[in-house]
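# Inside the fold
Okay, here's what each chain looks like letter by letter:
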Amino acid sequence: MQIHRHWLVLAGFFGLTATLLGAYGAHGLAASGVTPSQLAAFNTAVQYQFFHALALLVLGWCGVRSKVITFAGFAFVLGILGFSGSIYAMVLLGSKGLGLITPAGGLCFMLGWAALIWAGCRLGGKNE
C-alpha cells in the first residue's frame, strides 16, 4: 500500500487548525460580542474544515495514485482555504468583500467529491 504523505500532513494541519479554531469559536469568539449568525457561520466553517481534513486523511491512506485523486485532494485544500478561510476572515476581520470567495470554495469542495466519484467509477474493482 502506498501512503501519500503530503495528504496526511495537510490533513493533520487542517485538523489541528480546525480544532484550535473550534475551541476559539466556542470559548473566545462567543464572548467577544459577535452576532449569533456570525458565530453560526464560523462554526459551519470549522465543521467543513474538519470534514475535508478527514477526506484528505482518507486520500493519504487510500494507496491509489491517480491524477483524479490528486485533483480531488487539491480541490479539498482549495475548498478549505476558500470556503472556511473566507468565512473566518469575514467573522474575525470584518472583511465583507471576501464573501465572494466563499461560493468558489464550496464549488471546490463539490468538485473534489465529484472527482472521487469519477475515480471510484474508473477503478471498477481494480486495486491499483
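Since the model is a prediction, treat every value here as computed from it, not as a measurement. (Residues numbered from 1 in each chain as written. Predicted model: local features only at pLDDT ≥ 70, side-chain atom pairs only at ≥ 80, totals over all residues. Heavy atoms only, no water.)

### Focus: the overall build of the chain
- Helix and strand counts for the chain stand at four helices and zero strands.
- Starting at the N terminus and ending at the C terminus, the chain contains elements arranged as α-α-α-α.
- Seen through its principal axes, the chain has C-alpha atoms that stretch 55 × 25 × 20 Å.
- With 128 residues in all, the chain has 38% of them scored as buried.
- Long-range contacts, defined here as pairs at least 24 residues apart, represent 77% of the contacts in the chain between residues at least 6 apart. (Helix = DSSP H or I, 4+ residues; strand = E, 2+ residues; numbered from the N terminus. Buried < 20%, exposed > 50% of the residue type's maximum accessible area, 1.4 Å probe, protein only. Contact = heavy atoms within 4.5 Å.)

### Regarding the side chain of Thr 17
- Of note, Thr 17 is situated in helix α1 (residues 5-29).
- A polar atom in the side chain of Thr 17 sits 3.3 Å from the backbone oxygen of Phe 14. (Polar contact = N/O pair within 3.5 Å; in protein donor to acceptor, adjacent residues only side chain to side chain.)

### Describing the side chain of Gln 49
- Secondary-structure assignment places Gln 49 in helix α2 (residues 36-61).
- Among residues more than four places away in sequence, those in contact with Gln 49 are Phe 14, Thr 17, Ala 18, Leu 21, Ile 80, Ser 84 and Tyr 88.

### Re the nonpolar core
- Counting residues in hydrophobic clusters, the biggest one holds 27 residues, and the most contacted among them are Phe 14, Phe 42, Leu 56, Leu 59, Phe 76, Ile 87 and Val 91.
- When contributions to this core are tallied by element, the ones reaching two or more residues are α1, α2, α3 (67-93) and α4 (101-123).
- Examining the composition of this core, we find that 11 residues originate from one element, α3, more than from any other. (Core = buried A, V, L, I, M, F, W, Y, C linked by side-chain atoms within 4.5 Å.)

### Things to note about the state of the cysteines
- This model, assessed by the stated rule, comprises zero disulfides.
- Of all cysteine sulfurs in the structure, the one in Cys 62 sits closest to Cys 108, which takes part in no disulfide; the separation is 20 Å.
- The thiol sulfur of Cys 121 is not disulfide-bonded, and the nearest other cysteine sulfur, from Cys 62, lies at 15 Å. (Disulfide = S-S within 2.5 Å.)

### A word on the UniProt feature "transmembrane region" (unreviewed entry) in the chain
- In the numbering used here, UniProt assigns the "transmembrane region" (unreviewed entry) feature to residues 46-64, 71-94 and 100-121.
- In the segment residues 46-64, helix accounts for 84% and strand for 0%; the C-alpha atoms at its two ends are 28 Å apart.
- Counting secondary structure, residues 71-94 comes out at 96% helix and 0% strand; the distance between its end C-alpha atoms is 32 Å. (UniProt positions renumbered as here; feature names shortened; annotations may be inferred.)

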